[in-house]
Amino acid sequence: MSPTLLLVSGLPASGKTHLGSRLARELGWPFVSKDEYKQLLHDHLPELTRAQAGPLSFGIMYHVAGVILAAGGSVVLETHFYLGLSEPKIERLADPHAARVVQLFCEAPLPELKRRHAERVASGARPHIDLPFDHAELPGNACWSPLALDAALLRVDTTTPLDLPDLARWVRHNG
């Protein structure tokens, strides 16, 4: 049976990490999140710039997911992907392992995204991850919409209660 590459995408503060980590546990699959690698890089290389940490953390994330897929395992891959840039990387990741790609697109109204992000910044818990910004300044390819992939897609409103067992069944059925 081919492995599944579950992508959890969406804008910053859309609930990707919260949903992706819980769903990974429900599925029994590894959870690979770019922000975890970015934080590790900053913890061990404090002089690293934001411009350096972003591409490095994406590279590590894709590498780790590839190792899991190569071993025949399914994986949950979570980050704010970029339309037009991420799709070829995902295809190069999935194709050699005949992995089925499934996408969950997390979304919430813009005022809620702004509120959640402001709370994160104010908490100071992830100083290299949760930086102040205005959503209106995000580029058009910053995951305002799902990735353009030939894959099963489910849009998830993260402001409503989610049934993890139902989501897991949907992933398994479509993966």
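Quick caveat, the model's predicted, so the values are computed rather than measured. (Residues numbered from 1 in each chain as written. Predicted model: local features only at pLDDT ≥ 70, side-chain atom pairs only at ≥ 80, totals over all residues. Heavy atoms only, no water.)

Visitor: For this particular structure, what's the right way to read helix α3 (residues 50–70)?
Guide: Helix length check: α3, at 21 residues, gives a terminal C-alpha distance of 30 Å against a target of 30 Å (1.5 Å per residue), a fit within 8%. Considered for burial, the residues of α3 that qualify are Ala53, Gly54, Ser57, Phe58, Met61, Tyr62, Ala65, Gly66, Ile68 and Leu69. Residues of α3 that are buried make contact with β1 (4–10), β2 (31–33), α2 (34–44), β3 (75–78) and α4 (86–94). Positive phi shows up at Gly72, right after α3, with a value of about 90°. (Helix = DSSP H or I, 4+ residues; strand = E, 2+ residues; numbered from the N terminus. Expected span 1.5 Å × (residues − 1). Buried < 20%, exposed > 50% of the residue type's maximum accessible area, 1.4 Å probe, protein only. Contact = heavy atoms within 4.5 Å.)

Visitor: Hey, could you run me through unusual backbone geometry in this one?
Guide: Glycine aside, the phi torsion of most residues is negative, and most peptide linkages are trans. Despite not being glycine, Ala13 shows a phi value in the positive range, around 75°. Considering the arrangement of structural elements, one finds Ala13 in the loop between β1 and α1 (16–27). Look at Ala13 and you get buried, because its relative accessible area is 1%. One non-glycine residue, Ala98, adopts positive backbone phi at about 50°. One can find Ala98 in the loop between α4 and β4 (100–107).

Visitor: Can you help me understand the side chain of Lys34 in this one?
Guide: As for its placement among the helices and strands, Lys34 is situated in helix α2. Taking the relative accessible area as the measure of exposure, Lys34 reaches 2% and is therefore buried. Separated by 3.4 Å, the side chains of Lys34 and Asp35 make a polar contact. When residues no more than four places from it in sequence are discounted, the contact partners of Lys34 are Gly54, Ser57, Phe58, Met61, Glu78, Thr79 and His80. (Polar contact = N/O pair within 3.5 Å; in protein donor to acceptor, adjacent residues only side chain to side chain.)

Visitor: I'm lost on the nonpolar core in this one. Help?
Guide: When a protein is soluble and globular, its nonpolar side chains tend to lie buried together. Counting residues in each nonpolar core, the largest one holds 23 residues, and the members touching the most others are Leu5, Leu7, Met61, Tyr62, Leu77, Phe81 and Ile90. Element by element, the count of residues in this core is highest for α3, at six residues. (Core = buried A, V, L, I, M, F, W, Y, C linked by side-chain atoms within 4.5 Å.)

Visitor: Explanation requested: the packing of α3 against α4 in the structure shown.
Guide: What describes two packed helices is the angle between their axes and the distance between those same axes. Across the interface, α3 lies against α4 with an axial gap of 10 Å and an inter-helix angle of 30°. When the interaxial angle is binned, α3 and α4 end up roughly parallel. For the pair α3 and α4, the crossing hand works out as right-handed. On α4, the residues touching Tyr62, Ala65, Gly66 and Leu69 of α3 are Ser86, Lys89, Ile90 and Leu93. Taken together, the residues that form the contact of α3 with α4 break down as five nonpolar, two polar and one charged. (Axes fitted to C-alpha atoms, helices over the stretch in contact; angles between N-to-C directions. Parallel < 35°, antiparallel > 145°, perpendicular 65-115°, else oblique. Left-handed = near helix turned anticlockwise from the far one by under 90°. Nonpolar A, V, L, I, M, F, W, Y, C, P; charged D, E, K, R; others polar.)

Don't take any of this as a statement about function, it's just geometry.
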